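# Tertiary structure, described
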Amino acid sequence: EVRRQVAAFGLVSRSGKALAIGSIKRLLMHPFYVGQFYLKGELYEGSHEPLISRDLFQRVQAVMARRGKVQTKRRESFPFLGLLRCGECGGAITAERQKGHHYYRCTKKLGPCTQRYIREEVLAAQVREAVQQVALSDAWAEKMRGKIAEWKTEAAQASAGFARAQEARLSAIQARLDRLLDAHLDGAVTREEYLGRKEKLLREKAAVTDRLAEIERNGNHWLEPLESFVKAAHQAQIVAGSHDLESLKDFLKRIGSNLRLSGQTL
């Protein structure tokens with residue numbers, strides 16, 4: 001898909017053909033996008049502003065590594081698979097398709113078990129009921145948002161101190177880079193040792209720079225999951241009425257643990 005897109009943008013080979021898949025992969029692995037580049041085998045810190053975050057760059061590398069492996073045949077999706085265990089024997093709950101419907105049942109691999117199948121529609125109705133039971137009222141949602149606002153203020157103050165510490169660390173790394181270069185020019189360290197230590201320091205510097213950028217973007221990001229949860233709980237009625245079973249499952253995992261299925265009941 002990336003190959004097709006870049007060809008549409010006009011990025012093609014000298015012969016006018018779409019770039020080879022290998023070329024696309026090499027492009028996506030290039031550190032230029034995060035503000036660095038290689039020249040004659042040596043990593044340099046560019047003067048250009050990074051085009052993307054290091055986190056995004058690393059996620060792209062992870063996807064390419066995963067996609068490079070042999071892909072197995074895609075299985076049918078069972079939204080509630082992995083969510084529950086049997087309430088009688090503690091065994092895992094498996095799923096299968098029969099006559100156009102999804103059914104969930106105990107694997108019965110831990111010994112005798114009397115539990116029966118439950119249709120996905122019946123289980124989904126019970127999940128909706130559980131979600132509805134945790135809906136936040138307007139008053140409670142407002143109180144929680146007020147407390148989150150207080151914590152955001154406290155977190156912002158703490159982030160400012162953390163940012164100062166990271167800036168000091170950044171200065172220290174730069175000083176080490178300067179000393180390393182002087183030592184190399186004076187002949188105190190070999191070129192191989194210089195290149196290895198320099199690359200390590202540049203990566204460390206890039207990581208600190210990324211952390212500083214993250215602080216500037218959102219110093220209280222740890223509160224976002226809580227804020228999202230309060231918002232979702234306030235809108236639990238909407239979630240419960242959704243036909244998106246994956247969303248129902250995700251919300252149920254937020255509000256409960258050790259979920260069991262017994263007597264065809266969640």
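In this convention, every chain numbers its residues from 1, walking through the sequence in written order. With pLDDT at 70 or above as the cut-off, local features in this predicted model cover only qualifying residues; side-chain atom pairs require 80 or more to be listed or tallied, and sums for whole chains, interfaces and linings still use all residues. Hydrogens are left out, water is left out, and the side-chain values use all remaining heavy atoms of the structure.

## Observations regarding the overall build of the chain
Along its length, the chain carries 9 helices and 7 strands. Within these notes, the globule rule equals 2.2 Å times the number of residues to the 0.38 power, and the radius of gyration is based on C-alpha atoms. In terms of C-alpha radius of gyration, the chain reaches 27 Å, well past the compact-globule figure of 18 Å for 266 residues. In this scheme, a residue with accessible area under 20% of its type's maximum is buried, one over 50% is exposed, and one in between is partly exposed, where area comes from a 1.4 Å probe on protein chains only. Looking at the 266 residues of the chain, the share that counts as buried comes to 29%. Long-range contacts, defined here as pairs at least 24 residues apart, represent 57% of the contacts in the chain between residues at least 6 apart. Working convention for charge: Lys and Arg count positive, Asp and Glu count negative, and His plus the chain ends are omitted. By convention, charge coordinates are those of NZ in Lys, CZ in Arg, CG in Asp, or CD in Glu. For the chain, the separation between the mean place of its 45 positive charges and that of its 31 negative charges on side chains is 9 Å. Counting from the N terminus, the helices are DSSP H or I runs at least four residues long and the strands are E runs at least two residues long. For this analysis, residues touch if any pair of their heavy atoms sits within 4.5 Å.

## Considerations on empty space enclosed by the protein
Using a probe with the size of a water molecule, rolled over the atoms, empty space left in the structure can be pinpointed. Using a grid of 1 Å spacing that covers the protein atoms alone, one calls a set of points a cavity when a 1.4 Å probe fits there but cannot get out, and a pocket when the set is open and has protein on both sides within 12 Å along at least five of seven lines; lining residues are those with an atom within 4 Å of a point. Grid points are joined across faces, edges and corners, and a volume is the space filled by probe spheres set on the points. Evaluation of the coordinates by the stated rule reveals 1 cavity of 30 Å³ or more. Here the largest cavity defines a volume of roughly 40 Å³. Looking at the largest cavity, the residues that line it are Cys86, Ile93, Arg105, Cys106, Gln115, Arg116, Leu261, Ser262 and Gln264. Charged residues are taken to be Asp, Glu, Lys and Arg, nonpolar residues to be Ala, Val, Leu, Ile, Met, Phe, Trp, Tyr, Cys and Pro, and polar residues to be all remaining types, Gly included. Split into classes, the residues belonging to the lining of the largest cavity amount to 4 nonpolar, 3 polar and 2 charged.

## Points about the sheet that holds strand β6 (residues 118-119)
Working definition: the strands of a sheet are paired by backbone hydrogen bonds and lie parallel or antiparallel to each other. Taken in spatial order, the 3 strands make up an open sheet running β4-β5-β6, and their pairing is antiparallel. Where the open sheet ends on each side, the last strands, each with one partner, are β4 (93-98) and β6. Here the rule is simple: two strands pair whenever DSSP picks up at least two bridges between them. Pairing of strand β5 (residues 101-106) with β6, which is carried by 2 bridges, proceeds in the antiparallel orientation. Bridge assignment links Tyr103 to a residue of β6, and that residue is Arg119.

## Comments concerning the pairing of β4
Note that β4 and β5 share 6 bridges and pair antiparallel. Across the sheet, the residue bridging to Glu96 is Tyr103, located in β5. Where β4 folds back onto β5 in an antiparallel hairpin, the turn is made up of 2 residues, including Lys99, whose phi is positive at roughly 50°.

## Overview of the packing of helix α5 (residues 138-185) against helix α7 (residues 224-234)
Convention adopted: a line fitted to C-alpha atoms gives each axis, helices being fitted over their contacting stretch, and angles between N-to-C directions are expressed from 0 to 180 degrees. Two elements in contact, α5 and α7, have axes separated by 10 Å at closest approach and are oriented at 170°. In terms of their interaxial angle, α5 and α7 are classed as roughly antiparallel. Residue-level inspection shows Asp138, Ala141, Met144, Arg145, Ile148, Trp151 and Lys152 of α5 in contact with α7, the latter providing Leu226, Glu227, Val230 and His234. When grouped by side-chain class, the residues that make up the contact of α5 with α7 number 6 nonpolar, 1 polar and 4 charged. Here the word oblique covers every angle except those under 35 degrees (roughly parallel), over 145 (roughly antiparallel) and from 65 to 115 (roughly perpendicular).

## Section: the layout of surface pockets
In this structure, the largest pocket spans a volume of roughly 380 Å³. Pro50, Ala206, Thr209, Asp210 and Ala213 are, among the 20 residues lining the largest pocket, the residues nearest its centre. Here the lining of the largest pocket takes 9 residues from helix α6 (residues 191-217), the largest share from any one element. Looking at side-chain class alone, the lining of the largest pocket contains 6 nonpolar, 6 polar and 8 charged residues.

## Description of helix α9 (residues 245-255)
The α-helix winds at 3.6 residues per turn, so residues separated by three or four positions along the chain end up facing the same way. Those residues of α9 not exposed but buried are Leu245, Leu248, Lys249, Phe251 and Leu252. All buried residues of α9 lie within an arc of 165° about the axis, which places them on one face of the element. Pairing of N or O atoms within 3.5 Å defines a polar contact, subject to two protein rules: one partner must be a possible hydrogen donor and the other a possible acceptor, and residues neighboring in sequence count only if both atoms are side-chain atoms. Where α9 begins, the capping side chain belongs to Asp244, and its oxygen is found 3.1 Å from the backbone nitrogen of Glu246. The directions considered for the arc are those from the helix axis to the C-beta atoms.

## Quick notes on the environment of Phe80
Examined against the element boundaries, Phe80 turns out to sit in the loop between α3 (54-67) and β3 (85-86). Each C-alpha atom of the pair Phe80 and Ala233 lies 20 Å from the other, and the pair is 153 residues apart in sequence. Ignoring anything within four residues of it in the chain, the contact list for Phe80 reads Tyr104, Glu120, Leu123, Ala124, Val127, Leu245 and Lys249.

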